[in-house]
Amino acid sequence: MGLRMTILLRWRTFVAMAGLAAALACQPAGAASSGPPTVEQYAAHVGGQIVGAGQLVIDGTAMTCGRRPTVLDSTLDDYGAAYPGFLILNPRLIVRVPKAVKLWIYSHESGHQFRGPDEMKADCFAVQRGRRQRWLTTDGLEQICRFIRPAKGSIMHYSGPQRCQVMKQCYQSRRVY
């Protein structure tokens with residue numbers, strides 16, 4: 001499955017989130033506020049663990065996404081996801097990939113928090129962050145490319161090879177994404 005995020009997987013995640021929001025909205029008055037679920041509501045719903053902003057360490061590297069916490073959700077159908085105000089990582093899947101890929105996944109999802117839903121901007125944000133913070137080398141970028149190479153293109157993502165090509169350009173570029 002990997003980051004081979006097909007539209008179906010994203011649709012399933014969207015449907016699950018919409019279902020969670022609807023379930024929370026139907027609670028008795030005063031039990032929950034209207035709008036999207038909070039990080040606490042999401043974590044309680046999936047049985048996930050909340051890691052406070054600035055507290056996440058991945059293979060010895062401290063990771064942060066501003067003031068946003070991370071939910072460790074082993075039921076997530078992908079390696080990571082972004083939801084308004086927090087990130088989600090699947091610890092069951094993330095342990096299977098090299099360190100550079102783990103940090104890129106986290107940074108990609110963080111990129112959605114800062115740059116919005118555009119997948120290419122999130123990819124560029126992640127590789128440029130890695131370069132600036134010195135955890136991403138050209139060898140690490142090759143690991144990421146091997147990881148995403150099998151991904152087929154969809155409405156939301158270019159194919160793995162296309163994404164790799166764009167990320168290599170972003171990695172070399174001094175333009176900030």
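Every chain is numbered independently, its residues counted from 1 as its sequence is written. Two thresholds apply to this predicted model, a pLDDT of at least 70 for residue-level local features and 80 or more for giving and counting side-chain atom pairs, whereas whole-chain, interface and lining totals are computed over all residues. Working from all heavy atoms in the structure, the side-chain values ignore hydrogens and water.

1. Some words on the nonpolar core
At step 1: In terms of nonpolar packing, the biggest core is built from 31 residues, with Trp104, Ile105, Tyr106, Val127, Leu136 and Phe147 touching the most fellow members.
At step 2: Where this core is concerned, the elements lending two or more residues are β2 (56-58), β6 (86-89), α3 (91-94), α4 (99-115), α5 (119-133), α6 (138-148) and α7 (160-172).
At step 3: By size, the runner-up hydrophobic cluster in this structure holds 9 residues, among which are Tyr42, Val71, Leu76 and Phe86. The criterion is simple. A nonpolar core is a set of buried Ala, Val, Leu, Ile, Met, Phe, Trp, Tyr and Cys residues joined through side-chain atoms within 4.5 Å. To sort residues, take the accessible area from a 1.4 Å probe on protein chains only and compare it with the maximum for the residue type: under 20% means buried, over 50% means exposed, and anything in between is partly exposed. Helix and strand definitions here come from DSSP, where helices need a minimum of 4 consecutive H or I residues and strands a minimum of 2 consecutive E residues; each element is numbered from the N-terminal end.

2. Overview of the pairing of strand β5 (residues 80-83)
At step 1: Judged from the 4 bridges that link them, β5 and β6 form a sheet pairing that is antiparallel. Its bridge partner lying in β6, Ala81 is registered against Ile88.
At step 2: Joining the antiparallel neighbours β5 and β6 is a turn of 2 residues, in which Gly85 adopts a positive phi near 95°. Only when DSSP finds a minimum of two bridges between them are two strands counted as paired.

3. Structural notes on the sheet that holds β6
At step 1: Spatially, 4 strands are ordered β1-β4-β6-β5 in an open sheet, and the strand pairing comes out mixed. Of all strands in the sheet, those bounded by a partner on one side alone are β1 (49-51) and β5. For this sheet the average axis-to-axis angle between neighbouring strands, irrespective of direction, equals 25°.
At step 2: Pairing of strand β4 (residues 70-72) with β6, which is carried by 3 bridges, proceeds in the parallel orientation. Across the sheet, the residue bridging to Leu72 is Leu89, located in β6. A fitted line through C-alpha atoms serves as each axis, taken over the contacting stretch for helices, and the angle formed by two N-to-C directions is quoted from 0 to 180°.

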